[in-house]
Amino acid sequence: MKNIYYNPEAFGLQIIGDVDVAGSYEFDILVVFKDSRTNKIYYATDSGCSCPTPFEDHRKEDLTEITRENLKQFESLCFNHRPYSYNRSLKDQILWHDDSLVLFKKVFDLV
């Protein structure tokens, strides 16, 4: 079976960018795709341990389109897509994950 993440061209997609905030032996990925035919922008997330393959159960129909109308929700998703920290001293210092900020800026310029 084709995998939308590892072989996006087979689905008529190209990857705009992705962010994986998980540690070793796991994944927590936010990925943004561009439809090569329609130029629409989509995102998907997937997470798990090292056993499954990222996005192994995702199809093109499972992607969420990013539009001007839902850009604020996507911004929130990007902002909250960061590694969990056990460091209690960082409790009040919630910042953007650098890679998520770069990905959001790319999408903002495309939408």
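The present account deals with the structure reproduced in this document.

Analysis parameters
Residues numbered from 1 in each chain as written. Predicted model: local features only at pLDDT ≥ 70, side-chain atom pairs only at ≥ 80, totals over all residues. Heavy atoms only, no water. Helix = DSSP H or I, 4+ residues; strand = E, 2+ residues; numbered from the N terminus. Buried < 20%, exposed > 50% of the residue type's maximum accessible area, 1.4 Å probe, protein only. Contact = heavy atoms within 4.5 Å. Areas by Shrake-Rupley, 256 points an atom, 1.4 Å probe, with all protein chains shown as cover. Pairing = 2+ DSSP bridges. Axes fitted to C-alpha atoms, helices over the stretch in contact; angles between N-to-C directions.

## Description of the overall build of the chain
Counting its secondary structure elements, the chain contains two helices and four strands. Secondary structure elements of the chain, listed N to C terminal, follow the sequence β-β-β-β-α-α. Looking at the chain as a whole, 32% of its 111 residues are labelled buried. Pairs at least 24 apart in sequence give 45% of the contacts found in the chain among residues at least 6 apart. Of the roughly 7300 Å² of accessible surface on the chain, 48% is carried by carbon and sulfur atoms.

## A closer look at the environment of Lys2
Summarising the element assignment, Lys2 is placed in the segment before strand S1 (13-20). For the pair formed by Lys2 and Asp57, sequence separation is 55 residues and the distance between their alpha carbons is 9.8 Å. When residues no more than four places from it in sequence are discounted, the contact partners of Lys2 are Asn7, Ala10 and Phe11.

## Considering the sheet that holds S1
Hydrogen bonds along the backbone pair up the strands of a sheet, which may run parallel or antiparallel. The sheet built from four strands is open, its strands ordered S1-S2-S3-S4 with antiparallel pairing. Because the sheet does not close on itself, it has two edges, and the strands there are S1 and strand S4 (64-66). Each strand axis lies, on average, 30° off the axis of its neighbour in the sheet, ignoring direction. Bridge analysis of S1 against strand S2 (residues 26-35) gives seven bridges, and the strand direction is antiparallel. For Asp18, the partnering residue across the bridge sits in S2 and is Val31. Sheet contacts for helix H1 (residues 71-80): S2, strand S3 (41-49) and S4; angle to S2, the most-contacted strand, approximately 150°. In this fold helix H2 (residues 98-110) packs onto S1, S2, S3 and S4, with an angle of close to 150° to the strand it touches most, S1.

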